[in-house]
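# Structural characterization, general
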Amino acid sequence: MLQDASRLVVKIGSSLLIDPDTGQMNRDWLDALVGELVRLHRRGQQVIVVSSGAIALGRHYLGLGGDRSRLEDHQAAAAAGQILLAHAYQELLGKRDIKVAQILLTLDDTENRRRYLNARNTMETLLASAVIPVINENDSVATQEIRYGDNDRLAARVAEMTSSDCLVLLSDVAGLYDKDPTHYKEAQLIPTVMEITPELQASAGASTTRFGSGGMATKLEAAKICFSAGCATVIASGRQGQPLQSIEDCEPCTWFVPGCSPLAARKQWIAGTLTPAGKLIIDDGAQSALMSGRSLLPVGVMMVEGEFQRGDAVVVANSEGTEIARGLAAYSSEDARVIQGRQSKDIGSLLGYRGRNEIIHRDNLVLMDH
Ligand code: GLU
(Lines give C-alpha, C1' and ligand atoms only; values in the text may rest on other atoms or scores of the structure.)
Protein backbone atom coordinates (compact mmCIF):
# COMPACT_ATOMS: atom_id res chain seq x y z
CA MET A 1 0.00 0.00 0.00
CA LEU A 2 2.92 2.31 0.70
CA GLN A 3 4.11 1.65 -2.83
CA ASP A 4 0.68 2.65 -4.21
CA ALA A 5 0.64 6.13 -2.63
CA SER A 6 1.26 8.83 -5.21
CA ARG A 7 1.84 11.45 -2.52
CA LEU A 8 2.89 10.65 1.02
CA VAL A 9 3.90 12.43 4.20
CA VAL A 10 6.59 10.84 6.35
CA LYS A 11 6.75 12.07 9.94
CA ILE A 12 10.01 11.51 11.75
CA GLY A 13 9.88 11.64 15.52
CA SER A 14 12.53 13.17 17.80
CA SER A 15 13.08 9.86 19.58
CA LEU A 16 14.51 8.41 16.35
CA LEU A 17 16.44 11.43 15.24
CA ILE A 18 18.13 12.37 18.49
CA ASP A 19 20.42 10.22 20.59
CA PRO A 20 19.00 10.53 24.11
CA ASP A 21 22.44 10.10 25.73
CA THR A 22 24.36 12.70 23.77
CA GLY A 23 21.47 14.99 22.66
CA GLN A 24 22.97 14.92 19.18
CA MET A 25 21.52 13.90 15.87
CA ASN A 26 21.64 10.26 14.81
CA ARG A 27 23.15 11.15 11.48
CA ASP A 28 23.74 7.62 10.27
CA TRP A 29 20.17 6.75 10.98
CA LEU A 30 18.93 9.85 9.17
CA ASP A 31 21.26 9.18 6.26
CA ALA A 32 19.76 5.72 5.82
CA LEU A 33 16.23 7.05 6.08
CA VAL A 34 16.90 9.80 3.56
CA GLY A 35 18.19 7.05 1.25
CA GLU A 36 14.78 5.39 1.55
CA LEU A 37 12.92 8.66 0.92
CA VAL A 38 14.97 9.17 -2.20
CA ARG A 39 14.15 5.64 -3.37
CA LEU A 40 10.44 6.51 -3.16
CA HIS A 41 11.01 9.86 -4.84
CA ARG A 42 12.92 8.24 -7.72
CA ARG A 43 10.19 5.78 -8.42
CA GLY A 44 7.79 8.69 -8.90
CA GLN A 45 6.19 9.12 -5.51
CA GLN A 46 5.89 12.64 -4.12
CA VAL A 47 7.38 12.77 -0.64
CA ILE A 48 6.81 15.38 2.06
CA VAL A 49 8.79 15.13 5.29
CA VAL A 50 7.55 16.39 8.65
CA SER A 51 10.54 16.31 10.93
CA SER A 52 10.72 16.87 14.67
CA GLY A 53 13.93 17.38 16.55
CA ALA A 54 14.51 21.14 16.45
CA ILE A 55 13.85 21.73 20.12
CA ALA A 56 15.91 18.79 21.33
CA LEU A 57 18.83 19.66 19.05
CA GLY A 58 18.68 23.34 19.97
CA ARG A 59 18.61 22.60 23.69
CA HIS A 60 21.80 20.65 23.39
CA TYR A 61 23.43 23.21 21.09
CA LEU A 62 22.59 26.16 23.35
CA GLY A 63 23.38 24.23 26.50
CA LEU A 64 19.91 24.81 27.89
CA GLY A 65 19.13 22.54 30.77
CA GLY A 66 17.04 23.19 33.84
CA ASP A 67 13.36 23.92 33.59
CA ARG A 68 12.26 22.21 30.42
CA SER A 69 8.86 23.83 30.33
CA ARG A 70 9.96 27.46 29.98
CA LEU A 71 8.42 28.80 26.80
CA GLU A 72 11.31 31.16 26.04
CA ASP A 73 13.73 28.24 26.22
CA HIS A 74 11.59 26.19 23.87
CA GLN A 75 11.41 29.03 21.41
CA ALA A 76 15.11 29.79 21.54
CA ALA A 77 15.99 26.10 21.29
CA ALA A 78 13.70 25.68 18.28
CA ALA A 79 15.27 28.66 16.53
CA ALA A 80 18.77 27.27 16.99
CA GLY A 81 17.86 23.63 16.40
CA GLN A 82 15.81 24.18 13.26
CA ILE A 83 18.80 25.47 11.34
CA LEU A 84 20.82 22.40 12.32
CA LEU A 85 17.94 20.18 11.29
CA ALA A 86 17.45 21.89 7.94
CA HIS A 87 21.17 21.76 7.27
CA ALA A 88 21.25 18.00 7.86
CA TYR A 89 18.38 17.40 5.44
CA GLN A 90 19.93 19.62 2.83
CA GLU A 91 23.25 17.85 3.07
CA LEU A 92 21.83 14.35 3.03
CA LEU A 93 19.36 15.00 0.23
CA GLY A 94 21.79 17.23 -1.66
CA LYS A 95 24.45 14.53 -1.87
CA ARG A 96 21.81 12.44 -3.65
CA ASP A 97 21.04 15.34 -6.00
CA ILE A 98 17.63 16.03 -4.55
CA LYS A 99 16.55 19.56 -3.74
CA VAL A 100 15.00 20.37 -0.40
CA ALA A 101 12.86 23.25 0.88
CA GLN A 102 11.76 24.15 4.38
CA ILE A 103 8.31 25.26 5.50
CA LEU A 104 7.63 26.18 9.12
CA LEU A 105 3.94 26.19 9.91
CA THR A 106 1.91 27.55 12.78
CA LEU A 107 -1.43 26.19 13.92
CA ASP A 108 -3.09 29.10 12.20
CA ASP A 109 -1.50 28.24 8.85
CA THR A 110 -3.34 24.96 8.85
CA GLU A 111 -6.60 25.97 10.52
CA ASN A 112 -7.27 29.28 8.77
CA ARG A 113 -8.44 28.63 5.24
CA ARG A 114 -6.78 31.61 3.59
CA ARG A 115 -3.39 30.79 5.04
CA TYR A 116 -4.05 27.12 4.44
CA LEU A 117 -4.38 27.82 0.73
CA ASN A 118 -1.02 29.61 0.77
CA ALA A 119 0.74 26.67 2.37
CA ARG A 120 -1.02 24.24 0.05
CA ASN A 121 -0.04 26.23 -3.04
CA THR A 122 3.58 26.47 -1.94
CA MET A 123 3.76 22.74 -1.38
CA GLU A 124 2.14 22.01 -4.74
CA THR A 125 4.69 24.23 -6.46
CA LEU A 126 7.60 22.58 -4.67
CA LEU A 127 6.36 19.07 -5.40
CA ALA A 128 5.80 19.94 -9.05
CA SER A 129 9.47 20.99 -9.18
CA ALA A 130 10.57 17.62 -7.74
CA VAL A 131 11.63 19.19 -4.45
CA ILE A 132 11.20 17.38 -1.13
CA PRO A 133 9.57 19.78 1.36
CA VAL A 134 10.72 19.41 4.96
CA ILE A 135 8.20 20.76 7.42
CA ASN A 136 8.13 21.50 11.12
CA GLU A 137 6.07 23.60 13.43
CA ASN A 138 7.31 27.18 13.74
CA ASP A 139 8.11 26.62 17.40
CA SER A 140 10.15 29.80 17.80
CA VAL A 141 7.05 31.97 17.42
CA ALA A 142 4.36 29.56 18.60
CA THR A 143 3.15 29.97 22.15
CA GLN A 144 1.51 27.32 24.28
CA GLU A 145 -2.08 28.25 23.35
CA ILE A 146 -1.41 28.47 19.66
CA ARG A 147 0.79 25.51 18.99
CA TYR A 148 0.28 21.90 18.09
CA GLY A 149 3.16 20.86 20.28
CA ASP A 150 3.27 17.51 18.54
CA ASN A 151 4.17 16.77 14.99
CA ASP A 152 1.78 13.83 14.68
CA ARG A 153 -1.22 16.10 14.27
CA LEU A 154 0.75 18.66 12.31
CA ALA A 155 1.76 15.92 9.86
CA ALA A 156 -1.88 14.84 9.58
CA ARG A 157 -2.90 18.39 8.73
CA VAL A 158 -0.17 18.56 6.14
CA ALA A 159 -1.39 15.26 4.67
CA GLU A 160 -4.91 16.64 4.61
CA MET A 161 -4.02 19.98 3.04
CA THR A 162 -1.92 18.35 0.32
CA SER A 163 -4.52 15.63 -0.38
CA SER A 164 -1.85 13.02 0.31
CA ASP A 165 -2.93 9.42 0.21
CA CYS A 166 -0.67 8.11 2.94
CA LEU A 167 0.79 9.38 6.22
CA VAL A 168 3.67 7.41 7.72
CA LEU A 169 4.26 8.01 11.42
CA LEU A 170 7.70 6.69 12.27
CA SER A 171 8.45 6.46 15.94
CA ASP A 172 9.78 4.06 18.54
CA VAL A 173 6.66 1.89 18.71
CA ALA A 174 5.83 -0.78 16.16
CA GLY A 175 2.17 0.22 15.98
CA LEU A 176 -1.03 0.22 17.98
CA TYR A 177 -1.47 -2.57 20.52
CA ASP A 178 -4.64 -3.85 22.16
CA LYS A 179 -2.94 -3.28 25.54
CA ASP A 180 0.07 -1.30 26.69
CA PRO A 181 2.96 -3.54 25.57
CA THR A 182 5.27 -2.11 28.21
CA HIS A 183 3.01 -3.59 30.89
CA TYR A 184 1.39 -6.59 29.27
CA LYS A 185 3.49 -9.27 27.67
CA GLU A 186 0.47 -10.70 25.88
CA ALA A 187 -0.30 -7.34 24.18
CA GLN A 188 -1.10 -7.87 20.51
CA LEU A 189 -0.31 -5.50 17.67
CA ILE A 190 -3.42 -4.45 15.74
CA PRO A 191 -2.52 -4.71 12.04
CA THR A 192 -5.49 -2.84 10.56
CA VAL A 193 -7.93 -0.29 11.92
CA MET A 194 -11.00 0.57 9.87
CA GLU A 195 -12.65 2.83 12.43
CA ILE A 196 -11.35 4.86 15.38
CA THR A 197 -13.82 4.11 18.15
CA PRO A 198 -13.96 5.95 21.50
CA GLU A 199 -12.84 2.68 23.15
CA LEU A 200 -9.74 2.58 21.00
CA GLN A 201 -8.93 6.17 21.87
CA ALA A 202 -9.58 5.61 25.55
CA SER A 203 -7.24 2.64 25.68
CA ALA A 204 -4.45 4.57 23.98
CA GLY A 205 -5.06 7.74 25.99
CA ALA A 206 -5.00 5.95 29.32
CA SER A 207 -1.54 4.57 28.84
CA THR A 208 1.50 6.45 30.05
CA THR A 209 5.02 7.51 29.04
CA ARG A 210 6.16 6.90 25.49
CA PHE A 211 3.09 4.83 24.78
CA GLY A 212 0.82 7.49 26.22
CA SER A 213 -0.11 11.09 25.66
CA GLY A 214 2.10 12.69 23.07
CA GLY A 215 2.68 9.09 22.04
CA MET A 216 -0.19 6.93 20.93
CA ALA A 217 -2.93 9.43 21.78
CA THR A 218 -1.69 12.06 19.31
CA LYS A 219 -1.04 9.35 16.73
CA LEU A 220 -4.67 8.31 16.95
CA GLU A 221 -5.71 11.95 16.66
CA ALA A 222 -3.57 12.16 13.56
CA ALA A 223 -5.11 9.00 12.11
CA LYS A 224 -8.54 10.46 12.78
CA ILE A 225 -7.75 13.67 10.88
CA CYS A 226 -6.46 11.54 8.00
CA PHE A 227 -9.51 9.30 8.05
CA SER A 228 -11.80 12.20 7.26
CA ALA A 229 -9.36 13.37 4.58
CA GLY A 230 -9.43 9.96 2.89
CA CYS A 231 -5.74 9.46 3.68
CA ALA A 232 -4.37 6.18 5.06
CA THR A 233 -2.10 6.31 8.11
CA VAL A 234 0.56 3.81 9.07
CA ILE A 235 2.26 3.72 12.47
CA ALA A 236 5.55 1.87 12.33
CA SER A 237 8.78 1.61 14.20
CA GLY A 238 11.68 3.53 12.74
CA ARG A 239 14.18 1.56 14.78
CA GLN A 240 14.93 -1.20 12.31
CA GLY A 241 17.30 -0.79 9.39
CA GLN A 242 14.96 0.28 6.62
CA PRO A 243 11.63 1.27 8.11
CA LEU A 244 9.89 2.16 4.86
CA GLN A 245 11.05 -1.02 3.18
CA SER A 246 9.81 -2.95 6.22
CA ILE A 247 6.36 -1.42 5.82
CA GLU A 248 6.37 -2.43 2.16
CA ASP A 249 7.44 -5.93 3.19
CA CYS A 250 4.41 -6.13 5.51
CA GLU A 251 6.49 -6.30 8.68
CA PRO A 252 4.36 -5.69 11.80
CA CYS A 253 2.85 -2.19 11.85
CA THR A 254 -0.63 -0.67 12.11
CA TRP A 255 -2.53 0.60 9.11
CA PHE A 256 -5.55 2.89 9.42
CA VAL A 257 -7.60 2.47 6.28
CA PRO A 258 -10.19 5.15 5.42
CA GLY A 259 -13.39 4.42 3.53
CA CYS A 260 -12.86 6.97 0.76
CA SER A 261 -10.14 8.56 -1.38
CA PRO A 262 -8.51 11.97 -0.63
CA LEU A 263 -10.22 13.44 -3.68
CA ALA A 264 -13.67 12.24 -2.61
CA ALA A 265 -13.05 13.53 0.93
CA ARG A 266 -11.92 16.92 -0.32
CA LYS A 267 -14.90 17.23 -2.62
CA GLN A 268 -17.21 16.27 0.22
CA TRP A 269 -15.55 18.96 2.37
CA ILE A 270 -15.92 21.65 -0.28
CA ALA A 271 -19.41 20.74 -1.44
CA GLY A 272 -20.93 19.34 1.71
CA THR A 273 -19.26 20.81 4.78
CA LEU A 274 -18.42 24.40 3.99
CA THR A 275 -21.13 27.06 3.92
CA PRO A 276 -20.86 29.11 0.73
CA ALA A 277 -20.23 32.80 1.35
CA GLY A 278 -21.05 34.07 -2.13
CA LYS A 279 -21.87 33.24 -5.70
CA LEU A 280 -20.19 33.55 -9.09
CA ILE A 281 -22.47 33.71 -12.12
CA ILE A 282 -20.64 32.43 -15.17
CA ASP A 283 -21.22 32.49 -18.91
CA ASP A 284 -21.91 29.52 -21.19
CA GLY A 285 -18.32 29.21 -22.36
CA ALA A 286 -17.07 28.94 -18.79
CA GLN A 287 -19.82 26.43 -18.01
CA SER A 288 -18.68 24.10 -20.78
CA ALA A 289 -15.03 24.55 -19.70
CA LEU A 290 -16.00 23.51 -16.17
CA MET A 291 -17.99 20.55 -17.45
CA SER A 292 -14.94 19.32 -19.30
CA GLY A 293 -12.87 19.44 -16.11
CA ARG A 294 -11.18 22.80 -16.48
CA SER A 295 -10.66 25.63 -13.97
CA LEU A 296 -12.80 28.73 -13.76
CA LEU A 297 -11.04 31.78 -15.20
CA PRO A 298 -12.02 35.39 -14.43
CA VAL A 299 -12.96 35.93 -18.07
CA GLY A 300 -15.95 33.59 -17.71
CA VAL A 301 -17.39 35.30 -14.63
CA MET A 302 -20.28 37.66 -15.36
CA MET A 303 -21.33 38.61 -11.85
CA VAL A 304 -20.08 38.27 -8.29
CA GLU A 305 -22.62 38.09 -5.47
CA GLY A 306 -22.05 38.30 -1.72
CA GLU A 307 -18.99 39.16 0.31
CA PHE A 308 -16.25 36.58 0.68
CA GLN A 309 -12.57 36.27 1.35
CA ARG A 310 -9.92 34.36 -0.52
CA GLY A 311 -10.27 30.70 0.38
CA ASP A 312 -13.99 30.86 1.16
CA ALA A 313 -16.40 28.47 -0.47
CA VAL A 314 -18.61 29.93 -3.19
CA VAL A 315 -21.42 28.67 -5.38
CA VAL A 316 -20.93 28.73 -9.14
CA ALA A 317 -24.15 29.26 -11.09
CA ASN A 318 -24.87 29.48 -14.82
CA SER A 319 -26.62 32.34 -16.56
CA GLU A 320 -30.01 30.84 -15.66
CA GLY A 321 -29.08 30.88 -12.00
CA THR A 322 -28.73 27.09 -11.71
CA GLU A 323 -25.99 25.98 -9.35
CA ILE A 324 -23.49 23.93 -11.30
CA ALA A 325 -20.50 23.78 -8.97
CA ARG A 326 -18.96 24.84 -5.68
CA GLY A 327 -15.38 25.76 -5.06
CA LEU A 328 -12.83 27.69 -3.05
CA ALA A 329 -12.32 31.19 -4.41
CA ALA A 330 -8.74 32.26 -5.10
CA TYR A 331 -9.77 35.93 -4.80
CA SER A 332 -11.93 37.93 -2.41
CA SER A 333 -15.30 39.18 -3.66
CA GLU A 334 -13.87 42.68 -3.90
CA ASP A 335 -11.00 41.58 -6.14
CA ALA A 336 -13.21 39.15 -8.04
CA ARG A 337 -15.46 42.08 -9.08
CA VAL A 338 -12.43 43.91 -10.45
CA ILE A 339 -11.19 40.98 -12.55
CA GLN A 340 -14.54 39.49 -13.65
CA GLY A 341 -14.86 39.27 -17.41
CA ARG A 342 -11.16 40.09 -17.86
CA GLN A 343 -8.23 38.09 -19.17
CA SER A 344 -5.96 36.42 -16.61
CA LYS A 345 -2.93 38.17 -18.08
CA ASP A 346 -4.42 41.50 -16.96
CA ILE A 347 -4.85 40.46 -13.30
CA GLY A 348 -1.54 42.03 -12.28
CA SER A 349 -2.33 45.46 -13.70
CA LEU A 350 -5.95 45.40 -12.49
CA LEU A 351 -5.22 44.41 -8.91
CA GLY A 352 -1.68 45.59 -8.44
CA TYR A 353 -0.49 42.09 -7.61
CA ARG A 354 -0.08 38.95 -9.64
CA GLY A 355 -2.45 36.34 -8.21
CA ARG A 356 -3.42 32.99 -9.67
CA ASN A 357 -4.71 32.75 -13.23
CA GLU A 358 -7.81 30.92 -12.11
CA ILE A 359 -10.56 32.37 -9.97
CA ILE A 360 -11.28 28.79 -8.85
CA HIS A 361 -8.66 26.17 -9.62
CA ARG A 362 -10.11 22.84 -10.76
CA ASP A 363 -8.53 21.09 -7.75
CA ASN A 364 -10.72 23.27 -5.57
CA LEU A 365 -13.87 22.85 -7.63
CA VAL A 366 -16.66 20.31 -7.29
CA LEU A 367 -19.29 19.92 -10.01
CA MET A 368 -22.80 19.34 -8.72
CA ASP A 369 -24.75 16.39 -10.06
CA HIS A 370 -28.07 17.26 -11.57
N1 GLU B 1 8.24 20.59 16.64
C2 GLU B 1 8.99 19.95 17.67
C3 GLU B 1 10.47 20.01 17.36
O4 GLU B 1 10.87 20.12 16.26
C5 GLU B 1 8.65 18.49 17.85
C6 GLU B 1 7.25 18.17 18.22
C7 GLU B 1 7.12 16.66 18.42
O8 GLU B 1 7.98 16.05 19.05
O9 GLU B 1 6.16 16.05 17.92
O10 GLU B 1 11.31 19.88 18.22
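See the structure above.
Residues numbered from 1 in each chain as written. Predicted model: local features only at pLDDT ≥ 70, side-chain atom pairs only at ≥ 80, totals over all residues. Heavy atoms only, no water.

Another point: the overall build of the chain. Counting its secondary structure elements, the chain contains 14 helices and 13 strands. Here the C-alpha radius of gyration of the chain, 22 Å, is about what a compact globule of 370 residues would show, namely 21 Å. Along the first, second and third principal axes, the C-alpha atoms of the chain reach 65 × 40 × 40 Å. Counting across all 370 residues of the chain, residues that qualify as buried make up 52%. Of the contacts made within the chain by residues no fewer than 6 positions apart, 73% connect residues no fewer than 24 positions apart. Counting only carbon and sulfur atoms, one obtains 50% of the accessible surface of the chain, whose full area is about 16500 Å². (Helix = DSSP H or I, 4+ residues; strand = E, 2+ residues; numbered from the N terminus. Rg over C-alpha atoms; globule rule 2.2 N^0.38 Å. Buried < 20%, exposed > 50% of the residue type's maximum accessible area, 1.4 Å probe, protein only. Contact = heavy atoms within 4.5 Å. Areas by Shrake-Rupley, 256 points an atom, 1.4 Å probe, with all protein chains shown as cover.)

In this section: the packing of helix α3 (residues 54-62) against helix α4 (residues 71-94). Geometrically, a packed helix pair is captured by the angle between its two axes and the distance between the axes. Running from N to C, α3 and α4 point in directions that differ by 100 degrees, and their axes come no closer than 6 Å. When the interaxial angle is binned, α3 and α4 end up roughly perpendicular. Each of A54, I55, L57, G58, R59, Y61 and L62 in α3 lies in contact with α4, whose residues at this interface are D73, H74, A76, A77, A78, A80, G81, Q82, L84 and L85. Taken together, the residues of the contact of α3 with α4 sort by class into eleven nonpolar, four polar and two charged. (Axes fitted to C-alpha atoms, helices over the stretch in contact; angles between N-to-C directions. Parallel < 35°, antiparallel > 145°, perpendicular 65-115°, else oblique. Nonpolar A, V, L, I, M, F, W, Y, C, P; charged D, E, K, R; others polar.)

What follows covers the side chain of S246. Within the secondary structure, S246 sits in helix α10 (residues 243-248). Look at S246 and you get buried, because its relative accessible area is 12%. Here S246 is in contact with Q240 and E251, once residues within four sequence places are set aside.

Neighbouring the ligand are the residues S14, S52, G53, A54, I55, N136, D139, G149, D150 and N151. The contact in question runs from an oxygen atom of the ligand to an N or O atom on the backbone of I55, over 2.9 Å. At a separation of 2.7 Å, an oxygen atom of the ligand approaches a polar side-chain atom of N136. Contact with the protein chains hides 85% of the accessible area of the ligand, taken as 300 Å² for the molecule alone. Within the shell around the ligand, the residues separate by chemical class into two nonpolar, six polar and two charged. (Near = heavy atom within 4 Å. Polar contact = N/O pair within 3.5 Å; in protein donor to acceptor, adjacent residues only side chain to side chain.)

This part takes up α4. Taking 1.5 Å per residue, 24 residues should reach 34 Å; α4 reaches 34 Å between its end C-alpha atoms and fits that length. Helix geometry: α4 is bent most strongly at G81, by close to 25 degrees. (Expected span 1.5 Å × (residues − 1). Bend = angle between axes of the 7 residues up to and from the residue.)

Okay, the pattern of salt bridges next. Per the stated rule, a full pass over the model turns up 18 salt bridges. Among the ionic pairs, R157 bridges to E160, the shortest N-O distance being 2.8 Å. Within this pair, R157 and its partner E160 are both found in helix α7 (residues 151-161), separated by three residues, close to a single helical turn. By relative accessible area, E160 is classed as partly exposed at 22%. In this structure, a network of salt bridges that share partners links the residues E36, R39, R43 and E248. (Salt bridge = Lys/Arg side-chain N within 4 Å of Asp/Glu carboxyl O.)

This part takes up the pairing of strand β12 (residues 323-328). In terms of residue burial, β12 counts as a mostly covered element, since five of its six residues are buried. Turn length for the strand β11 (residues 313-317)-β12 hairpin, with the two strands adjacent in sequence and antiparallel, is five residues, and the turn residue G321 shows positive phi of about 90 degrees. Of the pairings in the sheet, the one linking β12 to strand β13 (residues 365-367) comprises three bridges and is antiparallel in character. From the neighbouring strand, R326 faces β13, where its bridge partner is V366. (Pairing = 2+ DSSP bridges.)

This brings us to the pairing of strand β4 (residues 132-137). The buried fraction of β4 amounts to six of the six residues, a majority that puts the element mostly inside the structure. Judged from the two bridges that link them, strand β2 (residues 46-51) and β4 form a sheet pairing that is parallel. Its bridge partner being in β4, V50 is matched across the sheet by I135. In this sheet, β4 lies alongside strand β3 (residues 100-105) in parallel orientation, the contact comprising six bridges. Bridge pairing links V100 to I132 in β4.

By the secondary structure assignment, T218 is in helix α9 (residues 212-228). With relative accessibility at 11%, the residue T218 sits in the buried group. Apart from residues lying up to four places away in sequence, T218 is in contact with D150, D152 and R153.

Strand order in the open sheet formed by five strands is β10-β9-β11-β12-β13, with mixed pairing between adjacent strands. Edge positions in the sheet fall to β10 (301-306) and β13, since each has one partner strand and no second. For this sheet, the mean inter-axis angle between neighbouring strands, taken without regard to orientation, is 25 degrees. As defined by bridge partners, strand β9 (residues 278-282) adjoins β11 across four bridges and the pair is classed as parallel. Note on β11: the bridge partner recorded for I281 is A317.

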